[in-house]
Amino acid sequence: MGQTVLLVMLLSSSLLVKPLQADPAIVENSENVDIYTRIAAVNKGNLVMLRELDIRRVINRNAMKCFDSSTDCFWSKSSDGTVYVPYTISSAFNDVQRSTILDAMKTFASETCVQFIPQTNEVDYVSIESDVGCYAYIGKIGGAQTVSLDVNGCVYNGVIQHELNHALGFVHEHTRSDRDLYVEIIWEYISEDEVQNFEKQDTNNLGTPYDYSSVMHYSNYAFTNVSGMATIVPIPDPTVPIGQRQGLSPIDIERINLLYTCNIISGPTQILLTGASGTFTSPNYPSPYPNNANYVYLIQIPSGQIRLQFNSFNIQSTPKCSGDYIKVYDGYTKSSPVLLDKTCGAGPIPTVTSSGSSLLVEFVTDAAGTAPGFTASYTTSKS
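Residues numbered from 1 in each chain as written. Predicted model: local features only at pLDDT ≥ 70, side-chain atom pairs only at ≥ 80, totals over all residues. Heavy atoms only, no water.

Engineer: Looking at this structure, I do not really get the packing of aromatic side chains. What am I missing?
Structural biologist: Each aromatic ring pair is summarised here by two numbers: the centre-to-centre distance and the angle between the ring planes. For the structure on display, the rule yields 15 aromatic pairs. Note on W187 and F198: the rings are 6.2 Å apart at their centroids and 70° apart in plane angle, and the pair reads as edge-to-face. In this pair, W187 is assigned in the loop between β9 (183–185) and β10 (232–234) and F198 in the loop between β9 and β10, connecting sequence segments 11 residues apart. Taking the centre distance of 5.3 Å and the plane angle of 65° together, the rings of Y210 and Y212 count as edge-to-face. With relative accessibility at 12%, the residue Y212 sits in the buried group. Clustering of aromatic rings is evident, with ring pairs tying together F280, Y289, Y295, Y297, F310, F313, F363 and F374. Across from the ring centre of Y325, 4.6 Å away, lies the NZ or CZ of K342, which sits over that ring. (Phe/Tyr/Trp six-rings, centres within 6.5 Å; stacked < 30°, edge-to-face > 60°. Helix = DSSP H or I, 4+ residues; strand = E, 2+ residues; numbered from the N terminus. Buried < 20%, exposed > 50% of the residue type's maximum accessible area, 1.4 Å probe, protein only. Lys NZ or Arg CZ within 6 Å of the ring centre and 35° of its normal.)

Engineer: Help me understand the packing of helix α3 (residues 95–111) against helix α4 (residues 157–168) in this model?
Structural biologist: Axis angle and axis distance: for two packed helices, these are the angle between their axes and the distance between the axes, and together they describe the pair. Remark: α3 packs on α4, axes separated minimally by 9 Å, with the N-to-C direction vectors making an angle of 55°. As summarised for this structure, α3 and α4 are arranged oblique, according to the angle between their axes. By crossing handedness, the relation of α3 to α4 is classed as right-handed. Contact residues: T100, I101, A104, M105, T107 and F108 in α3; N157, I160, Q161, L164, N165 and L168 in α4. Counted by class, the contact of α3 with α4 contains 7 nonpolar, 5 polar and no charged residues. (Axes fitted to C-alpha atoms, helices over the stretch in contact; angles between N-to-C directions. Parallel < 35°, antiparallel > 145°, perpendicular 65-115°, else oblique. Left-handed = near helix turned anticlockwise from the far one by under 90°. Contact = heavy atoms within 4.5 Å. Nonpolar A, V, L, I, M, F, W, Y, C, P; charged D, E, K, R; others polar.)

Engineer: So what exactly am I meant to see when it comes to the nonpolar core here?
Structural biologist: Generally speaking, a soluble globular protein has its nonpolar side chains buried in company with each other. Core analysis: the biggest nonpolar cluster contains 40 residues, and I101, F116, I128, L168 and Y260 have the highest contact counts within it. Sorting the residues of this core by element identifies β4 (83–89), α3, β5 (114–118), β6 (125–129), β7 (134–136), β8 (144–149), α4 and α5 (250–259) as the ones contributing at least two each. The element contributing the most residues to this core is α4, with 5 residues. If near-sequence neighbours (up to four positions away) are discounted, I128 is found in contact with Y87, T88, I89, S90, F93, I101, M105, V147 and L149. Core analysis: the second largest hydrophobic core is formed by 29 residues, I301, F313, C321 and L340 among them. (Core = buried A, V, L, I, M, F, W, Y, C linked by side-chain atoms within 4.5 Å.)

Engineer: I keep staring at the side chain of R176 and nothing clicks. Help me out?
Structural biologist: One can find R176 in the loop between α4 and β9. In contact with R176, other than residues within four places in its own chain, are K200, Q201, T203, N205, T208, P209, Y210 and R255.

Engineer: What is the right way to read the state of the cysteines from this model?
Structural biologist: Each disulfide is one covalent bond, formed between the sulfur atoms of two cysteines. Per the stated rule, a full pass over the model turns up 3 disulfides. Disulfide pairing places C134 opposite C154 at an S-S distance of 1.9 Å. Torsion about the S-S bond of the C134 and C154 cystine: about -85°, corresponding to left-handed handedness. Of the two residues, C134 sits in strand β7 while C154 sits in the loop between β8 and α4, which places them 20 residues apart along the sequence. Relative accessible area serves as the criterion here: at 0%, C154 is assigned to the buried category. Disulfide pairing places C321 opposite C344 at an S-S distance of 2.2 Å. A torsion of -85° about the S-S bond marks the disulfide between C321 and C344 as left-handed. Taken together, the residues C321 in the loop between β14 (305–315) and β15 (325–329) and C344 in the loop between β16 (338–343) and β17 (345–346) connect sequence positions 23 residues apart. Of the two residues, C321 and C344, both sit in the buried class. (Disulfide = S-S within 2.5 Å.)

So this is what it looks like as structure tokens:
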């Protein structure tokens, strides 16, 4: 199968994991912890040779890029257009943990052509184990490759999807080739032996924008050697949140579809809103919005909760809003809890308030009919 250049660099050097400023007590039983902090806490003291905290090194392998399927960096696409990734799950996971892992896999199946399936007689597969820490290899390496989800802290939706996305072939967002246009690395707060964790990789970014909301993006304080001092700062706006914890972002999903040439409608247009308050509208408002539109408006504020209201609302009405609709999620991704389910028609829409500092508004239209659309505004409220 011909492939575009893989969005990875398979890493040839190694690094003992020595995560800093991470205390397991901080993350225990808490959902409100970014992925870097959680993984750093769980991996503390892990002697497995890892890079960037959770990437398992492939011994004697130095593939800068993978150009086609013969290099075995990709999971193969079947004749029906689906990329089947076989897996096994260790008996070390209890029923609740196993269910959490399976639920995290569902987003891949519902949003991309990648589908995780139970391993039968396949030689190459993902072996999901509770080893010491959270880690994965980059891309397909052949045989049974471990994705470690330590039962003592890794079995959360965002961490699971983060590690599985490594296994599909994706690196951390802060190491992509053009990162210096979007974030500043504060080297003075990075110890010499941690500098390798910030080396840029020779990546093909698949024509997608830098994604502050990617599940693959580490937090502001990744590998800091001075408590409270940031090592990754967004530019030009340093208040843009990074290091989310919930799951695959819309752009993460789009990249999977591009990398694996999924025959799926192109990914949504993402509009990022980071001010403490703001307004946004449907495309072309007050003129009719376009058919076959797919927009997501991602609101991210530094702290507090988001209060969203629709000031005007007129979207083509269909039974059960199966055509055009607005849907609002309480978080960064479409894996987040739903605040407002599919809504269409005309008339007042109730105000919604997020539980945290992020909120996602999805706007989808079909090929039949159109309407003026909507205007919306949001403000910040303190919990």
